[in-house]
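Overview (structure and organization)
Spelled out, the chains give:
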Amino acid sequence: MIQIVEHTAAESPSAIGAALAATGLPVRVCRVWAGERVPDTVDGMVALVVLDGPSAVPAPGAQLALLRAALEAEVPVLGVGAGARLLALAADGGAGKGRLPDRSRVPHDEDDVRVLRIGPSAWGLQLHQVPQADGVYDRFAALVADRAERTTTRAFFTRRAAGWDERFTDDGPRYAAAAHRMELRPGQRVLDVGCGTGRVLPALRDQVGPTGVVAGIDLTSAMLTAAARQGRGEQGHLILADACRLPLRAGAVDGVFSAGLLNHLPDPRRTLREWARVSAPDGVLLLFHPSGHAERAARHGRPLAPDDPLTEDNLLPALRATGWRAVCYEDAPHHFLLRAIRRAA
């Protein structure tokens, strides 16, 4: 969902609204001028746009909190007109009193349109004539559409990262037991893909020993920050990356561990193929969840969907088609576990 925050009434759809609607993603408009409440979180957002904004500083707390949450979660943000100053204020914590960062000013095609990078995924747009900014809007919309899946994931996990381990304190021993079923040897190289706070890294390090290589991969920087605070960076490398586009050469690792991730990805087969690419022949893949697959569906009050990627009839053919040979499939009442071996090319 794309969230637009409007501070002034518009008689017709704005150019940015039209550009974002063209992506096919749902658009929600919060009409601050009509007294509508600004959302409390960025959950479910793939972009945030602030049109115009209050001229007074300091800005309203709810809007600053939302903008800061979007910046932390790397949700693409565009501040337009006075909204650019509101975004700058959120980015600098008030130290600059909403002053736009002139040193990062990048001119657009016209002298009276300026695009300012305010953060890794945030831009401010100063306008004098709105029609000249249509090209900027189109490029921003294209970026939002390209990042939508990853943005939703980051938005969900960023604000939950700090308390993640406390929510699932009983799962640690089960994760460790599952990791040991990989049967890795000292000196081998292993990934935990979608590692979150890195709770399985010590068990992987225990198997490969001090001469082995352990790495945790996650898309959400806040999760990796939480892992580092727990000391998990001492057990392995913490790498910010997309599970579907691993920054590794072919055959780089001897094992891939992943818990509760594959069925949430947009293209499981593509992901399995990517994990096969980075795995050496006879490398091990272990998929795990501390509750049974069928059990989780029942807990949410729904039957297993016919196209669910983790059902045996769907997962085993997908593994065969992407370079894996399944050797163990368990959908027990209290855990899900799949162990597979990378076939030689």
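Preceding this paragraph is the structure being described.
**Here's the deal with the sheet that holds strand E13 (residues 324-332)**
What the seven strands build is an open sheet, ordered E10-E9-E8-E11-E12-E14-E13; its pairing is mixed. A strand with exactly one partner marks an edge of an open sheet, and here the two such strands are strand E10 (237-240) and E13. Mean inter-strand twist for the sheet, computed between neighbouring axes without regard to direction, equals 15 degrees. Across the sheet, helix H8 (residues 221-229) is in contact with strand E9 (213-218) and E10; its angle to E10 comes to roughly 165 degrees.

**Points about the environment of Arg 325**
For Arg 325, the position within the fold is in strand E13. Remark: the alpha-carbon pair of Arg 325 and Arg 342, spanning 17 residues in sequence, is separated by 6.4 Å. In contact with Arg 325, other than residues within four places in its own chain, are Arg 339, Ala 340, Ile 341 and Arg 343.

**Focus: empty space enclosed by the protein**
On inspection of all chains with the given rule, the structure shows three cavities of 30 Å³ or more. Mapped by element, the contributors of at least two residues to the lining of the largest cavity are strand E11 (253-259) and strand E12 (279-289). In terms of residue count, E12 provides more of the lining of the largest cavity than any other element does, three residues in total.

**Quick look at the environment of Ala 142**
Summarising the element assignment, Ala 142 is placed in helix H4 (residues 134-158). The class for Ala 142 is partly exposed, based on a relative accessible area of 48%.

What counts, and where the lines are drawn
Residues numbered from 1 in each chain as written. Predicted model: local features only at pLDDT ≥ 70, side-chain atom pairs only at ≥ 80, totals over all residues. Heavy atoms only, no water. Pairing = 2+ DSSP bridges. Helix = DSSP H or I, 4+ residues; strand = E, 2+ residues; numbered from the N terminus. Axes fitted to C-alpha atoms, helices over the stretch in contact; angles between N-to-C directions. Contact = heavy atoms within 4.5 Å. 1 Å grid on protein atoms, 1.4 Å probe; cavity = no way out; pocket = protein on both sides within 12 Å on 5 of 7 lines; lining within 4 Å. Points joined across faces, edges and corners; volume = space filled by probe spheres on them. Buried < 20%, exposed > 50% of the residue type's maximum accessible area, 1.4 Å probe, protein only.

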